[in-house]
Amino acid sequence: MKTKIEPSFRESVDLMFNRAVALMELSPGLEEKIRVCNATYTVRFGVRLRGQIHTFTGYRSVHSEHMEPVKGGIRYSLAVHQDEVEALAALMTYKCALVEAPFGGSKGGLRVDPRAWEEHELEQITRRFAYELIKRDLINPAQNVPAPDMGTGEREMAWIADQYKRMNTTDINYRACVTGKPINAGGIQGRVEATGRGVQYALHEFFRHPEDVQAAHLSGGLDGKRVIVQGLGNVGYHAAKFLREEDGCKIIAIIEHDGGLMNEAGLDVEAVRNWITRHGGVKGYPDATYIPEGARCLEEVCDILVPAAMEGVINIGNAERIKAPLIIEAANGPITAGADDILRQKGTVIIPDMYANAGGVTVSYFEWVKNLSHIRFGRIGRRQEEGRHQLLVNELDRLNHGIGDAWELSPDFKQKYLRGAGELELVRSGLDDTMRSAYQAMREVWHSRQDVTDLRTAAYLVSISRVAASYRAMGL
Ligand code: NAD
């Protein structure tokens, strides 16, 4: 029997791209132009740490510049390599097109284990990496705008913004050179939670369509659904927390780098997160069964599987054994192309990464706009909106008194109605709208074309046709 060979992450992205373009009528030249990664810059730099010079390798790939700036996170991990960064950059192109964020695709990575260095050392490393990218305009508000990814967060983004400012002292838009910054350094409310929140909104939209829910052999809404989450980092933690606290899901398993936790009655996400912060992993957590080989938990019976850690975790080695009828790819590339074939044949519904985790780039887009406009969303209109609502409530109260207090507005209604939208409410509203529209664009293709049998192919079709339209508008 011929053993199947697992394609690499980048080959997986290309295979999925090819499957979609085979259903489109693109000229071969344009198809190739969209598929290839435009450029990858590799840098090796030395930093003097702990009395000796350490050399680090970093990458910044630009996949497509059909729109500028290009956008994509910076990842810190020892596993970073050029192919991975290029695959992630390609996904960014398609993701931005799908959620109509006006950016091309890019991605960066630094081969470093962030846990191995002290904070001040990481700052030195980050500033040096940023310096190398900034001087080549690979970080620039108009050309290339990074964001957090695995192993990086607000702290690193603040260092990068500050480094850019030091090197561009007269650039009034310096804060727009990177997104995912802390609020006090030009960030936006709701960015930290954005990707996890987007996963939640994606599931809300999915469950608004009974036909789609049925395709996954499920019924009803999110309440009571049994969920398994892999990776309790930024994305997985927020997704699990919101699904549990706001939608009534039961998180029956959490898988981390050192093993898995299972509890049929549901895990307390906040308590597990605190445990990880204190102990560095899930091992020893009291209210659950500990499974040393965490990946095994991916194969447990559940309603929704949320891989939110890293790529390639569902592959030809375990795809047959995956029982979840619905998988939402919160991480980038968690399902290899080989596994995707197996799962599609089994009838598993997969909500693809380029859509499912697009909440991060969507709110990054809002942050970039905020930085360029130099004003917080809601600052101008909020009190005016509240004033007009107050007028209406006063008038209703007056009319009510006129008819002998026959009815009354409930205090809860008044409180909610009178409150004008601040930045967080506006960001969530914009994110929700984006996730709904993008899902509807995908499902329209999924349901209207006989030759499209899954959401991933539909997502590629929508985004590739948008990227192609941009290139054509440029005369290509
Ligand atoms: P993170 O570093 O905050 O969290 C990753 C988590 O996964 C960590 O808790 C880590 O311990 C855990 N982990 C590592 N190896 C594991 C393993 N083998 N099994 C189980 N858990 C493991 O990273 P993040 O920002 O949450 O990103 C996670 C994924 O989401 C990545 O694929 C990333 O590209 C994608 N993503 C992130 C964002 C964002 O805004 N942060 C946006 C879009 C996509």
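Residues numbered from 1 in each chain as written. Predicted model: local features only at pLDDT ≥ 70, side-chain atom pairs only at ≥ 80, totals over all residues. Heavy atoms only, no water.

A. Focus on the sheet that holds strand β5 (residues 144-148). If you walk across this open sheet you meet the five strands as β1-β2-β4-β3-β5, and the pairing is mixed. One side of each edge strand has no neighbouring strand; the edge strands of this open sheet are β1 (39-49) and β5. Neighbour to neighbour, the strand axes of the sheet diverge by 25° on average, direction disregarded. Here strand β3 (residues 70-76) runs beside strand β4 (residues 104-110); their pairing, made up of five bridges, is parallel. Bridge pairing links Arg75 to Gly109 in β4. (Pairing = 2+ DSSP bridges. Helix = DSSP H or I, 4+ residues; strand = E, 2+ residues; numbered from the N terminus. Axes fitted to C-alpha atoms, helices over the stretch in contact; angles between N-to-C directions.)

B. Seen up close, the domain arrangement of the protein chain. If you check the domain split of the protein chain, you get domain 1 (1-188 + 421-445 + 455-476) and domain 2 (217-347). Computed over C-alpha atoms only, the centres of domain 1 and domain 2 are separated by 25 Å. Between domain 1 and domain 2, the buried area comes to about 1300 Å², and carbon and sulfur atoms account for 47% of it. Put simply, Glu329 and Arg456 hold a salt bridge, and the shortest N to O gap is 2.8 Å. Scanning the region where domain 1 abuts domain 2 turns up eight residue pairs in polar contact (both at pLDDT 80 or more). Put simply, the parts of the chain that give the side of domain 1 that touches domain 2 at least two residues each are α1 (9-21) and α3 (82-98). No other element matches the five residues that α1 contributes to the side of domain 1 that touches domain 2. Grouping the constituent residues of the side of domain 1 that touches domain 2 by class yields eight nonpolar, one polar and ten charged. (Domains from an automatic or database assignment. Buried area = accessible area lost by both parts, 1.4 Å probe. Salt bridge = Lys/Arg side-chain N within 4 Å of Asp/Glu carboxyl O. Polar contact = N/O pair within 3.5 Å; in protein donor to acceptor, adjacent residues only side chain to side chain. Nonpolar A, V, L, I, M, F, W, Y, C, P; charged D, E, K, R; others polar.)

C. Molecular detail of the site of the ligand. The local shell around the ligand holds 23 residues, among which Arg75, Asp149, Thr195, Glu256 and Asn332 are the closest. For the ligand, an oxygen atom lies 2.9 Å from a polar atom in the backbone of Asn234. If the ligand stood free it would expose 830 Å²; the protein chains cover 84% of that surface. Looking at the shell around the ligand, the elements with two or more residues in it are α8 (234-247) and β7 (250-256). There are two domains that each give the shell around the ligand at least three residues, and those are domain 1 (1-188 + 421-445 + 455-476) and domain 2 (217-347). (Near = heavy atom within 4 Å. Areas by Shrake-Rupley, 256 points an atom, 1.4 Å probe, with all protein chains shown as cover.)

D. Seen up close, the side chain of Glu132. Summarising the element assignment, Glu132 is placed in helix α4 (residues 119-134). Among the polar contacts made by the side chain of Glu132, one reaches the side chain of Arg128 at a distance of 2.5 Å.

E. Fine view of the nonpolar core. Core analysis: the biggest nonpolar cluster contains 93 residues, and Ile34, Leu326, Tyr460 and Ile464 have the highest contact counts within it. Looking at this core element by element, the count peaks at ten residues for helix α16 (residues 455-473). When residues of this core are assigned to domains, at least three map to each of domain 1 (1-188 + 421-445 + 455-476) and domain 2 (217-347). Filtering out sequence-adjacent residues up to four positions away, Leu326 remains in contact with Leu203, Phe206, Phe207, Ala216, Leu218, Asp303, Ile304, Leu305, Thr348, Val349 and Ile351. Judged by nonpolar contacts, the second largest core, of 28 residues, contains Val47, Leu110, Phe129 and Val178. (Core = buried A, V, L, I, M, F, W, Y, C linked by side-chain atoms within 4.5 Å. Buried < 20%, exposed > 50% of the residue type's maximum accessible area, 1.4 Å probe, protein only. Contact = heavy atoms within 4.5 Å.)

F. Focus on the packing of aromatic side chains. For the coordinates displayed, the defined rule picks out 13 aromatic pairs. Here Phe45 and Phe129 contribute two aromatic rings whose centre-to-centre distance is 5.9 Å and whose plane-to-plane angle is 15°, an arrangement assigned as stacked. On the criterion of sequence distance, the pair formed by Phe45 in strand β1 and Phe129 in helix α4 is long-range, its members being 84 residues apart. Consider the rings of Tyr94 and Tyr460, whose centres lie 5.3 Å apart with planes at 55°: the pair is tilted. Taken together, the residues span a long stretch of sequence, with Tyr94 in helix α3 and Tyr460 in helix α16 at a distance of 366 residues. Tyr460 shares its class with Tyr94; the two are buried. By way of ring pairs, the aromatic residues Phe45, Phe56, Trp117 and Phe129 are connected into one cluster. Above the face of the Phe242 ring, Arg197 is positioned so that its terminal group lies 3.6 Å from the ring centre. A cation sits over an aromatic face here: Arg273 above Tyr237, 4.1 Å from the ring centre. (Phe/Tyr/Trp six-rings, centres within 6.5 Å; stacked < 30°, edge-to-face > 60°. Lys NZ or Arg CZ within 6 Å of the ring centre and 35° of its normal.)

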